[in-house]
Amino acid sequence: MSDATSSRIEGLHKMTPDARLEAVARQAGLDNEMVANLKDAAKGHIELADRLVENAVSAMAIPVGIATNMIVDGRDVLVPMATEESSVIAAVCNAAKRCRPTGGFVTSASGPVMAAQIQLLSASDPENVRLKVFERMEEIREICDGTDPLLVKFGGGFRDLEVRVVETAEGPMTIVHILVDTRDAMGANAVNSMAEALAPKLAEWTGARTLLRILSNLADRRVARARAVWPLDEIGGPQVRDDMLSAYRFADADPYRAATHNKGIMNGVSAVVLATGNDTRAIEAGAHAYAARDGHYRSMSRWEMDADGNLVGSLEMPMAVGLIGGATKIHPTAQANLKVLGVETADRLARIIVAVGLAQNFGALRALATTGIQKGHMALHAQNVALMVGAVGEEIDAVANELKARGVVRQDLAEDILTKLRAGT
Ligand SMILES: CC(C)(COP(=O)([O-])OP(=O)([O-])OC[C@H]1O[C@@H](n2cnc3c(N)ncnc32)[C@H](O)[C@@H]1OP(=O)([O-])[O-])[C@@H](O)C(=O)NCCC(=O)NCCSC(=O)C[C@@](C)(O)CC(=O)[O-]
Ligand SMILES: NC(=O)C1=CN([C@@H]2O[C@H](COP(=O)(O)OP(=O)(O)OC[C@H]3O[C@@H](n4cnc5c(N)ncnc54)[C@H](OP(=O)(O)O)[C@@H]3O)[C@@H](O)[C@H]2O)C=CC1
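Definitions and limits used
- Residues numbered from 1 in each chain as written.
- Chains lettered and ligands numbered in written order.
- Predicted model: local features only at pLDDT ≥ 70, side-chain atom pairs only at ≥ 80, totals over all residues.
- Heavy atoms only, no water.
- Helix = DSSP H or I, 4+ residues; strand = E, 2+ residues; numbered from the N terminus.
- Buried < 20%, exposed > 50% of the residue type's maximum accessible area, 1.4 Å probe, protein only.
- Core = buried A, V, L, I, M, F, W, Y, C linked by side-chain atoms within 4.5 Å.
- Domains from an automatic or database assignment.
- Contact = heavy atoms within 4.5 Å.
- Near = heavy atom within 4 Å.
- Polar contact = N/O pair within 3.5 Å; in protein donor to acceptor, adjacent residues only side chain to side chain.
- Areas by Shrake-Rupley, 256 points an atom, 1.4 Å probe, with all protein chains shown as cover.
- Nonpolar A, V, L, I, M, F, W, Y, C, P; charged D, E, K, R; others polar.

What follows deals with unusual backbone geometry. Despite not being glycine, Asn69 has its phi angle at roughly 75°, a positive value. Within the secondary structure, Asn69 sits in strand S1 (residues 64-72). Phi angles above zero are rare outside glycine, and Arg183 is one such case at about 50°. Here Arg183 shows up in the loop between strand S6 (171-181) and helix H8 (188-206). In this structure Arg183 comes out as partly exposed when scored by relative accessible area, which is 33%.

As structure tokens, then:
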């Protein structure tokens, strides 16, 4: 590899963001316009970016749109969603509007309990080790709570212990779970610190060797649930309802379809998670693992018909989001978005997010079971395609409208329309 394309830039992490950008631009052969774009994109944010991540050179703006029409537990709520995908926010607005006559979304939540795992190795008697750990319950409580007195002051802290013997390719391992109420924090740092503080003691008490000490993203002790009823006349009648139910049953039975169906749910979930500065990867990992908890990857949502023939949807999923840690507290956009949501607890945020996931799923299922996804999605995507082919200003709407009128949203067609528009033909 020649120097010009080497990925080794010595001391990049010690430079200022401007100097870093120059170094990267030299190495990657960026022109002045590209460098200016990267600088512009981070204007006013580069200091924060530099604190949040390593080797920061720029920032990437993701659009934030507002989902309207949501009623969650009897209260109207405006929901900021950070997503780059067109039609996602429109689908939530549409689905939420169609269940307003029945009161919107009703939610519940299990409470904010997270688990950290401590892996115990080299024991010939893993079952014996398991019981030895249980015998230390009170000492374990003291160590965990002593690690985070502030969390205890806010009403959180150690709650329970689980010890499993897991069969692995190298034999049985004893896996300790500490269950911790993390209140308004997502809790990764809190439980990881507790697990690290506890591990040497577990080794001393059991004679086993401790290895990993880390939270589990399968947050099945921290689930939130949402349900809603869509009246028949808001859906489009019994045939649409039945087709939506068939679409759901397909997803529940077939992992190829379930992955797409669940991706649709995560369109909504991840957008609110990101808008509030929470960890999208943590939520996505937990959601998919939970969907496969029966040993078979299924639909995250459930769809049924009630006694009056209306469509009833429900969604239960892990929702480890916080208001305190991560980027939430320090990112001004996340703070403003939380203000729009009007949430004061992580519990309320979790419930709203699951309601949005359910709304999103309704929107996609209804579109798929009726006109197909392309009509709504591609109509809104037409503007992106216009931008992609270089349309500017008024050209963007002109190209997008022509694509919609022809009922075909394709880049080659957009190029053709733009060329003709510019030639005045
Ligand atoms: C696109 C719609 C909503 C049109 O749906 P529609 O029924 O034609 O909309 P409408 O023009 O009759 O308007 C009804 C309401 O929808 C909302 N609405 C309507 N348009 C807008 C807009 N521009 N911006 C904001 N809100 C909008 C708005 O609330 C409006 O009421 P109003 O406020 O006018 O009284 C519908 O076709 C839809 O929900 N489509 C599904 C879109 C979708 O799921 N997109 C995700 C991307 S595809 C994907 O990634 C996942 C997927 C689909 O593969 C998952 C799966 O397979 O399960
Ligand atoms: N696998 C994963 O998902 C992992 C995720 N992460 C990252 O961890 C971050 C989240 O960690 P998290 O522990 O939530 O954040 P923080 O450690 O930043 O914040 C939590 C801490 O804030 C203090 N606190 C103040 N007020 C409250 C309150 N009302 N409720 C609860 N705690 C309060 C507590 O005590 P005190 O001040 O004493 O700490 C608590 O431990 C995210 O950025 C995530 O990306 C990290 C590792 C792994």
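Of all hydrophobic cores here, the largest spans 89 residues; its most connected members are Met70 and Ile178. A total of 13 residues in this core trace back to one element, the largest contributor, which is helix H14 (residues 346-369). If you count residues domain by domain, this core takes at least three from each of domain 2 (64-109 + 224-370) and domain 3 (113-215). Among all residues touching Met70, those that are not within four sequence positions of it are Arg75, Asp76, Val77, Val79, Val92, Ala96, Arg100, Phe105, Ala355, Val356 and Ala359.

Attention shifts here to the site of ligand 1. Around ligand 1 sit 24 residues, and of these Ser87, Lys97, Arg257, Lys263 and Asn267 come closest. Measuring from an oxygen atom of ligand 1, one finds a side-chain N or O atom of Lys97 at 2.8 Å. Between ligand 1 and the protein, one listed contact pairs an oxygen atom with a side-chain N or O atom of Lys263 at 2.7 Å. Coverage of ligand 1 by the protein amounts to 65% of the 1100 Å² it exposes when considered alone.

In the region of ligand 2, 21 residues are neighbours, and Asp148, Gly187, Leu215, Asn217 and Asp279 sit closest. A distance of 3.1 Å is found between a nitrogen atom of ligand 2 and a backbone nitrogen or oxygen belonging to Asp184. Note that an oxygen atom of ligand 2 is positioned 2.9 Å from one of the side-chain N or O atoms of Asn217. Notes on ligand 2: free accessible area 920 Å², of which the protein chains cover 71%. Elements supplying a minimum of two residues to the shell around ligand 2: helix H7 (149-153) and H8. Counting residues per element, the shell around ligand 2 draws most heavily on H8, which supplies four residues. Along the lines of polarity and charge, the residues of the shell around ligand 2 split into 10 nonpolar, seven polar and four charged. Built from parts of two domains, the shell around ligand 2 gets at least three residues from each of domain 2 (64-109 + 224-370) and domain 3 (113-215).

To continue, consider the environment of Glu84. In this fold, Glu84 is placed in the loop between strand S2 (75-82) and helix H4 (88-98). Once the C-alpha coordinates of Glu84 and Gly309 are considered, the two residues, 225 residues apart in sequence, prove to be 36 Å apart. When residues no more than four places from it in sequence are discounted, the contact partners of Glu84 are Ile62 and Pro63.

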